[in-house]
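# Working through the structure, step by step
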Amino acid sequence: MEKNKILDLLKDNFIFFDGAMGTMLQEAGMKAGELPESYNIKKPEVIYDIHKKYFQAGAHVATTNTFGANRLKLEGKGYTVSEVVESAVANARKAADEFENKYVALDIGPIGSLLKPLGKLEFDEAYEIFKEQVDVGVKAGADLIIIETMSDLYEAKAGILAAKENSNLPVFCTMTFHDDERTFSGTDVLTMVSTIQGLGVDALGVNCSKGPNELQEIVKDILKYSQVPVIVQANAGNPKVKNGLVYYDYTKELYSDEIMKMVEKGIGVIGGCCGTNPDYIKTIVEKVEGRKPKWVKPDRITCASSYSQSIVIGDEVKIIGEKINPTGKKRLKEALRNGEIEYVIKEALKQQEAGADILDVNVGLPDIDEKAVMKKTVEEIQGLLSLPLQIDSSNEEVIEEAVRIYNGKPIINSVNGKQSSMDKVLPIAKKYGALVIALTLDEEGIPKTWEKRLEIAGKIIEEAKSYGIPEEDILVDPLVLTASAEQKGVLETLKSIPKIKEKYRVKVVLGTSNVSFGLPNRELLNTTYLTMALSYGLDAPITDPTNESLMGAVKSFKVLANQDVDSKEYIKTYSKSSEVKRYTTNKEEKRNLIDIIIKGLKDEAEKETENLLENKTSLEIINEFMIPALDVVGERYEKGDIFLPQLIRSAETSKVVFGVIKERMKSSGGENISKGKIILATVEGDIHDIGKNIVKLILENYGYNILDLGKDVSKKEILETVAKEKVQLVGLSALMTTTVRNMELVIKDLRNQHPQVKVMVGGAVMTQEYADSIGADYYGNDARKAVEIAKDVFGK
């Protein structure tokens, strides 16, 4: 099918997707734990009939029964990706061909393994897994691709790139959100929209998660930022159990009423997820009949994003930290040459703590593999910090390597007015949805007047727009020359700032420290010039955030420009109570083990632990350093101050500490320090173990002995292990509604055979009410809660 066919339909019409596949398969007799994708091959008539019923209900699009059809999930199941995807597309196509204007969407769900830094899966490996599905789906005749139920922005990016680079089909993408309006990995709505939209999807939105009423605010926020059609496929509420059967608490009428509220807000693509069926879709179709979508394109904003936050440029002054750049920095050069990534991370941390909003990353040295070092540096920094990154290189291959594996919406530094530069850099910015800094220089060099700067800026902006890059994704750097050599030109740079912003919807950045080169008391000149530039309308200086004079100029300007409302930030920084804190955090001081664990400095953890063991016992280190540090990290995670990557990084750092302690105890014949045994297992039929693995990592660091039975674990194996190991606590996990029944069966037999054993349950479909209904003792909604449960069972 031509790509534009379904997109043309969407211009003036609602598009209806189908509803749940798993719910329909259960009604058709699929047993708990059976592989849903196997029905494509062994019972194709069942799948065909489900698709046909959805088409009869009014759906335009049938989603193939391939949610878990990737090589990792199918491993050991007796089916190949090709077999499953080909048969699934054929079944959907057979049903579609019986109607007019019906389409087949290749369904791609999560891989089931966490990408680094959360897990062990490489970004490139995830891409190849998705590519295999796309290749088969395209060949089999799918009309579009939907990448759905994504909880990790990084995984979603890998899927989108695989789809767009290996097909010309429309690509839709939806993610799942928790009650805090963030995904499992910590991504907020603006960050999701800005990143996925930038990658060029044709529609984006939310699916699964919860019922439509609970999604209203999330949908409202998505519509506030999305420039492309918004898709919503909500659950029919929360799953519940009655008489041993799973049901959902939204009737088709209640569900459709809530969807109609979203229609009024402006969504254009509608379907259903867990618990919905053809009756739900039919009811929505009937209520929407005769309406046209309310396309509301919001004003574009200029923002750079990490995986967990977006920094909007233009609403107030933002600081771009410049210190990760080897120019004139002997120690950083040594670190880059020697592969001392921990030193680079410390420089990044210092800038974050000093108040930087964005970090520039430049690793350009003539005697290193810049591409490899940049890739490693970006991966490490984005795995630890939540600040957006600015990729700084004169080599377009280095730029593309970095922005490809970047988790979020980066800034590219830079492109200039030379045609060769624009030809190389602008296609990269467009493909990956990056912001790009436009330097006002061309083949003739840096101009002497503001008029020429404006002219070059305009040339770059117009060229960028020809690639489809909006003005709001461009940051102009009018370039300042040194006052010692080009004194007259210093003011010309400043004059260009308002002129550029008056003519174009761009923001202005500027590296201000060049102005003082060759003159004494550089800090005074830099601070004065920065203040002048801010008064001319500079949006984001590229500067040293650890310099108190420069940061003072910015903070005071924000007060006087009414950007720091009620002077809250200024007072917080300069009140007497904060003076001591500022002094100590800005000094280079010896980090203790608590600080090392909190910040996730793995390389330092081993050495510091060995030093402590000279004067402290293993248990003292665990109780005085490890546990307090993990408690702080856990509290910050609960408050939303940090997110899953930082939580895992700290846990992995603790694991290093624990490893040193274990080795010392082993060599000295010390006793076991386990606080108790806990079994963890993903129940039979379910191959999703991401949450379980995170819980395992955190519990181990708190000193518990974890017996991880893995995924797709039979009831028999769980019961036998309980009897053999004499455990007191069992943790059961399930992601899919089709497998939670097995969780209930395990709990029932545990009650009969081992009544003393406590059971905690967790997983995407689980709620406190659901946990209570199946007889669980505890509901663990995250790893932090699992620690509290373990303390309750084993004692504190």
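Conventions used here
Residues numbered from 1 in each chain as written. Predicted model: local features only at pLDDT ≥ 70, side-chain atom pairs only at ≥ 80, totals over all residues. Heavy atoms only, no water. Helix = DSSP H or I, 4+ residues; strand = E, 2+ residues; numbered from the N terminus. Rg over C-alpha atoms; globule rule 2.2 N^0.38 Å. Buried < 20%, exposed > 50% of the residue type's maximum accessible area, 1.4 Å probe, protein only. Contact = heavy atoms within 4.5 Å. Areas by Shrake-Rupley, 256 points an atom, 1.4 Å probe, with all protein chains shown as cover. Lys, Arg positive; Asp, Glu negative; His and termini not counted. Charge placed at Lys NZ, Arg CZ, Asp CG, Glu CD. pLDDT = per-residue confidence, 0-100. Pairing = 2+ DSSP bridges. Axes fitted to C-alpha atoms, helices over the stretch in contact; angles between N-to-C directions. Right-handed = clockwise from strand over helix to strand, strands pointing away. Polar contact = N/O pair within 3.5 Å; in protein donor to acceptor, adjacent residues only side chain to side chain. Expected span 1.5 Å × (residues − 1). Salt bridge = Lys/Arg side-chain N within 4 Å of Asp/Glu carboxyl O. Patch = residues over 30% accessible without salt bridge, like charges linked within 9 Å, V, L, I, M, F, W, Y side chains within 5 Å. Core = buried A, V, L, I, M, F, W, Y, C linked by side-chain atoms within 4.5 Å. Phe/Tyr/Trp six-rings, centres within 6.5 Å; stacked < 30°, edge-to-face > 60°. Lys NZ or Arg CZ within 6 Å of the ring centre and 35° of its normal. Disulfide = S-S within 2.5 Å.

### Topic: the overall build of the chain
The secondary structure content of the chain amounts to 32 helices and 25 strands. Against the compact-globule benchmark of 28 Å for 796 residues, the chain has a radius of gyration of 28 Å, which places it among compact chains. Principal-axis analysis of the C-alpha atoms places the extent of the chain at approximately 85 × 75 × 50 Å. Relative to its 796 residues, the chain shows a buried fraction of 59%. When contacts within the chain are restricted to residue pairs at least 6 apart in sequence, those whose partners lie at least 24 apart make up 75%. Of the accessible surface of the chain, which amounts to about 32,200 Å², a share of 48% is contributed by carbon and sulfur atoms. Placing the 105 positive and 122 negative side-chain charges of the chain at their respective mean positions leaves the two points 1 Å apart.

### Thoughts on the confidence of the model for the chain
Interpretation of the predicted coordinates at a detailed level should be avoided for regions scoring low in pLDDT. With 96% of its residues at a pLDDT of at least 70, the chain reaches an overall mean of 92. Confidence drops under a pLDDT of 50 for residues 577-590, and excluding neighbours within four residues, the segment shows 13 contacts in the predicted structure.

### Things to note about the sheet that holds strand E24 (residues 758-762)
Overall, parallel pairing links the 5 strands, which are arranged E22-E21-E23-E24-E25 in an open sheet. Edge positions in the sheet fall to strand E22 (705-708) and strand E25 (778-779), since each of these pairs with one other strand and no more. Note: E24 against E25, 2 bridges, orientation parallel. From the neighbouring strand, Met 760 faces E25, where its bridge partner is Tyr 778. Contacting strand E21 (677-682), E22 and strand E23 (729-733), helix H29 (residues 715-725) crosses the sheet at an angle of about 170 degrees to E21.

### Topic: the pairing of strand E20 (residues 540-543)
Residues Ala 540 and Ile 542 point to one face of E20 and Pro 541 and Thr 543 to the other, with burial holding for every one of them. As paired elements, strand E13 (residues 320-324) and E20 share 2 bridges and run parallel to each other. By the bridge assignment for E20, Gly 321 is matched with Thr 543. Relative to E20, strand E19 (residues 507-511) is paired through 3 bridges, and the arrangement is parallel. The residue bridging Gly 511 from the neighbouring strand is Ile 542, located in E20. For the segment spanning E19, helix H20 (residues 522-535) and E20, crossover handedness is right-handed.

### Some thoughts on helix H12 (residues 278-288)
Within the sequence span of H12, burial applies to Pro 278, Tyr 280, Ile 281, Thr 283, Ile 284, Val 285 and Val 288. Next to the buried residues of H12 lie strand E1 (15-16), helix H2 (22-27), helix H4 (44-57), helix H11 (252-265) and strand E10 (269-272). Structurally, the start of H12 carries an N-cap: the backbone nitrogen of Asp 279 is 2.9 Å from a side-chain oxygen of Asn 277.

### A word on helix H30 (residues 740-753)
The end-to-end C-alpha distance of H30 is 20 Å, a good match for the 20 Å that 14 residues give at a rise of 1.5 Å each. Those residues of H30 that fall on the buried side of the exposure criterion are Val 740, Asn 742, Met 743, Glu 744, Val 746, Ile 747, Asp 749 and Leu 750. Residues of H30 that are buried make contact with strand E8 (239-242), strand E9 (245-248), H29, E23, E24 and helix H31 (768-773).

### A few points about the pattern of salt bridges
Taken as a whole, this structure holds 55 salt bridges when the rule is applied. Of the charged contacts, one joins Lys 318 and Glu 316 as a salt bridge, the two residues approaching to 3.3 Å between their closest N and O atoms. In this structure Glu 316 comes out as partly exposed when scored by relative accessible area, which is 23%. Here Glu 347 makes a salt bridge to Lys 350, at a shortest N to O gap of 3.2 Å. Taken as a pair, Glu 347 and Lys 350 lie in helix H14 (residues 341-354) at a separation of 3 residues, close to a single helical turn. The exposure class of Lys 350 is partly exposed, given its relative accessible area of 29%. When salt bridges that share partners are traced, they join Glu 316, Lys 318, Lys 555, Lys 558 and Glu 569 into one network.

### Examining a nonpolar patch on the surface
Taken together, Leu 491, Met 532 and Tyr 536 make up a surface patch of nonpolar side chains, about 230 Å² in accessible area. Locating Tyr 536 in the fold gives a position in the loop between H20 and E20.

### Comments concerning a positive patch on the surface
A cluster of basic side chains, namely Lys 164, Lys 297, Arg 300 and Lys 430, defines a positive patch on the protein surface. Here Lys 164 lies in helix H8 (residues 153-165).

### Things to note about the nonpolar core
Residues Ile 678 and Leu 699 are the most contacted members of the largest nonpolar core, which totals 214 residues. When near neighbours in sequence (up to four residues on either side) are disregarded, Ile 678 contacts Leu 699, Tyr 704, Asn 705, Ile 706, Leu 707, Leu 729, Met 760, Ala 790 and Phe 794.

### A look at the packing of aromatic side chains
Tallying each qualifying case throughout the model produces 7 aromatic pairs. A ring pair is formed by Tyr 570 and Tyr 574, whose centres lie 4.9 Å apart and whose planes are at 50 degrees; its orientation type is tilted. Here Tyr 570 and its partner Tyr 574 are both found in helix H22 (residues 568-574), 4 residues apart, which amounts to about one turn of the helix. Judged by its relative accessible area of 33%, Tyr 570 falls in the partly exposed class. Positioned above the aromatic ring of Tyr 127 is the side chain of Arg 404, whose terminal nitrogen or guanidinium carbon lies 5.0 Å from the ring centre.

### Considering the state of the cysteines
Inspection of every chain in the model, using the stated rule, returns 0 disulfides. The thiol of Cys 273 is not disulfide-bonded; the next cysteine sulfur, from Cys 208, is found 4.0 Å away. As a non-bridged cysteine, Cys 303 has Cys 173 as the owner of its nearest cysteine sulfur, 17 Å distant. What makes Cys 303 buried here is its relative accessible area of 2%.

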